[in-house]
Amino acid sequence: MVEYVAAVDQGTTGTRCILFDSQGHSISQAYAEHQQILPRPGWVEHNPIEIWHRTQEVMSTALDSSGLSAKNIRAIGIANQRETTVVWDRSTGKPYYNAIVWQCMRTQNICSKLIADGLEDFIRERTGLVIATYFSGTKLKWLLDNVPDLREAAERGDALFGTVDSWLVWNMTGGTDGGLHVTDITNASRTMLMNLKTCAWDQDMLDLLDIPAQMLPQIVPNSSNTAFGTAVFPGSQTIIPIGSAIGDQHGALFGQTCFAPGEAKNTYGTGSFLLMNTGDKPVPSEHGLLSTVGYALEGQPVKYALEGSIAITGAAIQWLRDNLGLIQSAAESEAVASSVPDTGGVYFVPAFSGLYAPYWDMYARGTIVGMTRYTNRAHIVRATLEAICYQTREVLQAMENDSHIALKRLQVDGGAVVNNFLMQLQSDILGVSVVRPRVGETTALGAAYMAGLATGVWSGLDDLRTNWQVDREFSPEWDAARREAQFRDWRRAVGRAMRWVTPEE
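Residues numbered from 1 in each chain as written. Predicted model: local features only at pLDDT ≥ 70, side-chain atom pairs only at ≥ 80, totals over all residues. Heavy atoms only, no water.

Considering the state of the cysteines
What the rule picks out here adds up to zero disulfides. A disulfide-free cysteine, Cys-111 has its sulfur positioned 11 Å from the sulfur of Cys-104, the nearest such atom. (Disulfide = S-S within 2.5 Å.)

Quick look at the structure:
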């Protein structure tokens, strides 16, 4: 009998549910966007209730469009936007405040003080992370310090903290009526509160950020037949086990079957995230990368990864469309960019949320340089696509320096990989092959694989490797001289963007 797994991919701009069969084929899917709340420059919020409603909606719609019954679904898997921080009341289920999104920069002052206090090396050693507005710990501290009565509620044990995985699992498993308060190990590793070596909450970090331990969820493996409980599938009365939860980028690493040390993937979404499997031990970075948990299967050793996080890639294309009106759709960027042979000397550094890896400059800002009267919209659109590729190259170089492994090919996924021109540019700028899989939604596929392993749909990793298939491979066409000359100019443009604002601003 064919078995199916429902994967929820709760992302920064919307929520998707995909039903996969046991061969890893997508049977049906549904998607719904949610509102981006921007109360001040640099602040980004989401409504957690809206996210929960959208999750229920897309699960029900995906099932309806598949022609299946909920009884055909063996398990539910969850992947989620990481670092986004939610705090809610355990008795009412009501959030105390909007979710503070990973892109939000409101904690600059908190981060600046930690840096001024000389804590960078300590925090990197304990958590594998750098001090940046990106991570959940400082967001949670901001909430505790700024939301009336929240600290008192947290100390009483009434306020619960979680990343989006925790919020969804709690609601799916009953909410105020016995909902499970857990988080998976990959999301926990992104909070700045988990000890990377022990994979437990670090009391010194909790003390440093003044966070009550009683508001934290239990840390569990990504794939488990017990840890995440069961849920009534929306639109039915059928109870189905939740077999997995995993941070979206770790889900893509697993969905790309990067199970061996040295295997790497890059996901092109709102931002881009390049992860390399480093095996059973964390690898400290000396080149601006993050050491993080890769994934953990129940009863097996934790797998670690190096990560290079890029804040703005796909979001820059959205900016061209929504803010500047240079394109009518994201898909149009391919035709417009390919209409010119180069950028005419234009470079665009999309540091809207500062610069992440390998620079970690929260005072950088978006910059376009090299414009002349010759410049037209096609040059700016092409420069935007090239910026995605240059940022990836910088991260990949840092990864090779830390791991001492030279990548021969890069596996790619995410919404932007359908853009063939972008993928060819990526290969040209890297000088290595870029491989696109047949199933592009590898984040959801990774969550499905995890859930299916927990419930017996797949017997092991070899089953998953046989499912992975290549759609297209892109090989470099630029010569080395062009590649290096343009990369040098890109680095000059980055220098113009760095430290554009001051801490006082």
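Here we look at the packing of aromatic side chains
Considering all chains together, one arrives at 22 aromatic pairs under this definition. Aromatic pair Phe-259 and Tyr-295: ring centres 6.5 Å apart, planes at 75°, arrangement edge-to-face. A residue pair is termed long-range when its members are at least 10 positions apart, and Phe-259 in the loop between helix 9 (248-255) and strand 15 (264-268) and Tyr-295 in strand 17 (residues 290-295) qualify at 36 residues. Under the relative-accessibility criterion, Tyr-295 is labelled buried at 2%. Seen from their ring centres, Phe-348 and Phe-352 are 6.0 Å apart, and the 50° between their planes marks the pair as tilted. The class for Phe-348 is buried, based on a relative accessible area of 2%. Here a set of aromatic residues connected by ring pairs shows up, and it is made of Trp-102, Tyr-134, Phe-135, Phe-273, Tyr-356 and Trp-360. (Phe/Tyr/Trp six-rings, centres within 6.5 Å; stacked < 30°, edge-to-face > 60°. Helix = DSSP H or I, 4+ residues; strand = E, 2+ residues; numbered from the N terminus. Buried < 20%, exposed > 50% of the residue type's maximum accessible area, 1.4 Å probe, protein only.)

A closer look at the sheet that holds strand 15
Pairing in this open sheet of seven strands is mixed, and the strands run 17-18-16-15-21-22-23 from one edge to the other. The outermost strands of the open sheet, each flanked by one partner alone, are strand 17 and strand 23 (470-474). When the angles between neighbouring strand axes are averaged without regard to direction, this sheet yields 30°. As paired strands, strand 15 and strand 16 (residues 272-279) are joined by five bridges and run antiparallel to one another. Note on strand 16: the bridge partner recorded for Tyr-268 is Ser-272. Sitting on the sheet, helix 9 touches strand 15, strand 16, strand 17 and strand 21 (409-413), and the angle it makes with strand 17 is about 60°. Helix 13 (residues 420-430) contacts strand 15, strand 21, strand 22 (433-437) and strand 23 of the sheet and is inclined by roughly 145° relative to strand 22. (Pairing = 2+ DSSP bridges. Axes fitted to C-alpha atoms, helices over the stretch in contact; angles between N-to-C directions. Contact = heavy atoms within 4.5 Å.)

Some remarks on the pairing of strand 2 (residues 14-21)
Within strand 2, eight of the eight residues are buried, leaving the element largely enclosed by the surrounding structure. Taking every second residue as pointing to the same face, both faces of strand 2 are buried, with Gly-14, Arg-16, Ile-18 and Phe-20 on one and Thr-15, Cys-17, Leu-19 and Asp-21 on the other. Of the strand pairs in this sheet, strand 1 (residues 4-10) and strand 2 are connected by seven bridges, and their pairing is antiparallel. Opposite Val-5, over in strand 2, you have Phe-20 as the bridge partner. Where strand 1 folds back onto strand 2 in an antiparallel hairpin, the turn is made up of three residues.

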